[in-house]
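The residues making up each chain are set out below.
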Amino acid sequence: MSDTLITLTTDFGTKSPYVAAMKGVILSTNPAVRLLDLSHEIPPQDIRHAAFFLAAALPHFPAETLHVIVVDPGVGTERAILYVEWDTQRLLAPDNGCWTLLAQDAVRKVIRLTNPAYWRHVVSRTFHGRDVFAPAAGNLSLGLDPGELGPIIANWEQLHIPGVEIRLEEVHGEVVFVDDFGNLITNIPPGVAGTIVIGDMAISQRVSAYGEAPPGTLVTLTSSFETLEIAEVQGNAARRLGAAVGTPVVLRGAAS
Amino acid sequence: MSDTLITLTTDFGTKSPYVAAMKGVILSTNPAVRLLDLSHEIPPQDIRHAAFFLAAALPHFPAETLHVIVVDPGVGTERAILYVEWDTQRLLAPDNGCWTLLAQDAVRKVIRLTNPAYWRHVVSRTFHGRDVFAPAAGNLSLGLDPGELGPIIANWEQLHIPGVEIRLEEVHGEVVFVDDFGNLITNIPPGVAGTIVIGDMAISQRVSAYGEAPPGTLVTLTSSFETLEIAEVQGNAARRLGAAVGTPVVLRGAAS
Amino acid sequence: MSDTLITLTTDFGTKSPYVAAMKGVILSTNPAVRLLDLSHEIPPQDIRHAAFFLAAALPHFPAETLHVIVVDPGVGTERAILYVEWDTQRLLAPDNGCWTLLAQDAVRKVIRLTNPAYWRHVVSRTFHGRDVFAPAAGNLSLGLDPGELGPIIANWEQLHIPGVEIRLEEVHGEVVFVDDFGNLITNIPPGVAGTIVIGDMAISQRVSAYGEAPPGTLVTLTSSFETLEIAEVQGNAARRLGAAVGTPVVLRGAAS
């Protein structure tokens, strides 16, 4: 177990020394771990972005992977830090809902970290990533019984994601994620035909793949998140449409 | 072979979960691989940028390295995905020319991926990085015979890079790459003396190293790409000159 | 020693192929090394930023780690390249002071790299990262006696960081580091009570953790650098206050 794969997902950026300090602490606890960056570009303190990111990425990892997630607007307050056994994998994450878009029926155990024996000797109030998450991860990779970290708990913060609203021949949803290409991922199911209205733009061209329409065309398609996506071919739909997370999106049925 | 070094070069950015999902799929196929990020900041769908990047970086890698390259405006269309044996190394790349600035006389074998037995069970039309490239890479790292992936092919897309034009005592070229410092890499051979004209600016100070002129000076020198480079000492020549890939550059000989 | 941990800290960004080329050269010298990115987003040629970064990160790493640092405005000039034994760790860094905020009483040996036998055969004047640092790192990881790299030296560049000035019931300091969240790290000791004045703003709310005040509040607290920090809760103090490295900060005592 000593060469455990530990992934890191943070909103720290890499201009700052925070990620590097975390890596140093983990490696000082267990020099044999294999560290893997998932992202340090989660938008600052954006729990919802982190939740979509994790739900799309973590299910692909092999059993026993330990994911360390630090997107934590509540650092230093009474919010808990959690150890989670999810499916065959393990997570360390703040208790702010950022990991709860992962299928909750696969949660096998949740522990609240309360035992400072596995933290750094002095714990700052601003940098739990270095002082709590990193040494806990290092110790877990050495085979520490998770029960040593603290008590099992039965309740934790859940992230509430807006659902779609179905009206007469219309589905009202919104943009729930914007990727680095400016593609707009919505919460609208992908299987329904119709015209998408976003802002004052109506988009009726449905494609299977970006390359099916000429550059610059606004299209809809099924995203790799398995929901309806709005894209500009070889362009940036978010910029073109002035859209962001939360922008309303309406699907008008073929009859309307 | 199971701890194969697999490098990743994409235009995905890391705010999105796409790179993380690819890493998960590769590691789920073969948990022993060693993953190495080359870049996820290739400008979106910029095949030419990717081609310069790869030509400058890949020749330095050791034998047997497997490079996974996903800069792919044609995802989901009929463009092929290629397995390439280049010199002593191996590549997986879309067939859009992005890898063809690597010396083509060192190409030993090119295979078109057609066998879905080595892809994910459901292949999305928007995310071949996760669904085709990643499982193919994982399987190759486990020792899969590349011949299982598909048939050997003899023709593939080639990237055409503008050449320089030589006129009376002038060489007409252009900017072919802009690095993160704003240095302008041209396609003009480095060995010729003269004055460089770019926009309405004439630059005659030739140096061997940036530090030979005071901060803020516009200079020319031999780039690490072995062509003529235009730089602002401790500054950003691209911003200062309003230059980008494709900006014309003229070298006027000593006599003019 | 062959699976040595080698970390990389540069100002190269990853849009350019420079970091990838360095990784290739290191791995071609020793395919067994474990490479770890610390940052490639050090602001271009910002020695002071690099120095704070390294002082905050490197002390956390385990013994025998080899850190390769390329933030090097003087590349190609006569500035030296150094091999440093610091505490139980090792560094390769340009001789421009970028590593000298690490406790200098833990410096055990400094060598100037003068022996081209351990460089690439052709050394460019613009890319010592690839041509000198990378092969030297690879060779050290293979067990090369550092004495082979060049002579021991007794003097090297030191970075001079502004100190605070203590006047009548006031401490005059400045911003010394701005992190990715826009938090302002100052050089003022954290233990003194009082009001912080920056620009035309007076900040008197002192907290222990960001989460103790409502979003948008300007607060001061003890940074993870163990100095006084100015932050906007869930916001960006640098942007809000128009502050940057060097912005004056005054601490007014309780009596004033």
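Anything mentioned here points back to the structure above.
An account of the accompanying structure is given in this report. (Residues numbered from 1 in each chain as written. Chains lettered and ligands numbered in written order. Predicted model: local features only at pLDDT ≥ 70, side-chain atom pairs only at ≥ 80, totals over all residues. Heavy atoms only, no water.)

1. Quick word on the overall build of chain A
Item 1. For chain A, the helix and strand inventory stands at four helices and 14 strands.
Item 2. C-alpha extents for chain A along the principal axes are approximately 65 × 35 × 30 Å.
Item 3. In chain A, which comprises 256 residues, the proportion classed as buried is 61%.
Item 4. Once local pairs closer than 6 in sequence are excluded, the contacts in chain A between residues at least 24 apart make up 66%.
Item 5. Total accessible area on chain A stands at roughly 9,600 Å², and carbon and sulfur atoms take up 52% of it. (Helix = DSSP H or I, 4+ residues; strand = E, 2+ residues; numbered from the N terminus. Buried < 20%, exposed > 50% of the residue type's maximum accessible area, 1.4 Å probe, protein only. Contact = heavy atoms within 4.5 Å. Areas by Shrake-Rupley, 256 points an atom, 1.4 Å probe, with all protein chains shown as cover.)

2. Describing the nonpolar core
All names here are of chain B.
Item 1. Ranked by size, the top nonpolar core spans 64 residues in total, and within it I6, V68, L92 and L149 carry the most contacts.
Item 2. No other element matches helix 1 (residues 18-29), which puts eight residues into this core.
Item 3. Look past the residues within four positions of L92 in its chain and what remains in contact with it is L66, H67, V68, I69, L82, Y83, L113, F133, A136, A137 and L140. (Core = buried A, V, L, I, M, F, W, Y, C linked by side-chain atoms within 4.5 Å.)

3. Quick look at the relation of the copies chain A and chain C
Item 1. For the pair chain A and chain C, the relating rotation is 120°, the translation along its axis is 0.0 Å, and the fit reaches an RMSD of 0.0 Å. This pairing of chains is accounted for by a three-fold axis. (Least-squares fit on C-alpha atoms with pLDDT ≥ 70 in both.)

4. With respect to the interface of chain A and chain C
Item 1. Each side of the interface is counted separately: chain A has 30 residues, and chain C has 32 residues.
Item 2. Where chain A abuts chain C, roughly 2,600 Å² becomes buried across the two surfaces, and 59% of that area is made up of carbon and sulfur atoms.
Item 3. One salt bridge in this structure joins C:E212 and A:R125, with 2.9 Å as the shortest N-O distance.
Item 4. Joining chain A to chain C, the criterion identifies ten residue pairs in polar contact (both at pLDDT 80 or more).
Item 5. Among the elements that line the side of chain A that touches chain C, the one with the most residues is helix 1 (residues 18-29) of chain A, at eight residues.
Item 6. The residue makeup of the side of chain A that touches chain C, split by class, is 15 nonpolar, nine polar and six charged. (Buried area = accessible area lost by both parts, 1.4 Å probe. Salt bridge = Lys/Arg side-chain N within 4 Å of Asp/Glu carboxyl O. Polar contact = N/O pair within 3.5 Å; in protein donor to acceptor, adjacent residues only side chain to side chain. Nonpolar A, V, L, I, M, F, W, Y, C, P; charged D, E, K, R; others polar.)

5. What about the packing of aromatic side chains?
All names here are of chain A.
Item 1. Counted by the stated rule, this structure contains 24 aromatic pairs over all chains.
Item 2. Ring geometry for F177 and F225: centres 5.5 Å apart, planes at 45°, overall tilted. Of the two residues, F177 is situated in strand 8 (residues 170-178) and F225 in the loop between strand 12 (218-222) and strand 13 (228-232); the sequence distance between them amounts to 48 residues. Residue F177 shares its accessibility class with F225, and that shared class is buried. (Phe/Tyr/Trp six-rings, centres within 6.5 Å; stacked < 30°, edge-to-face > 60°.)

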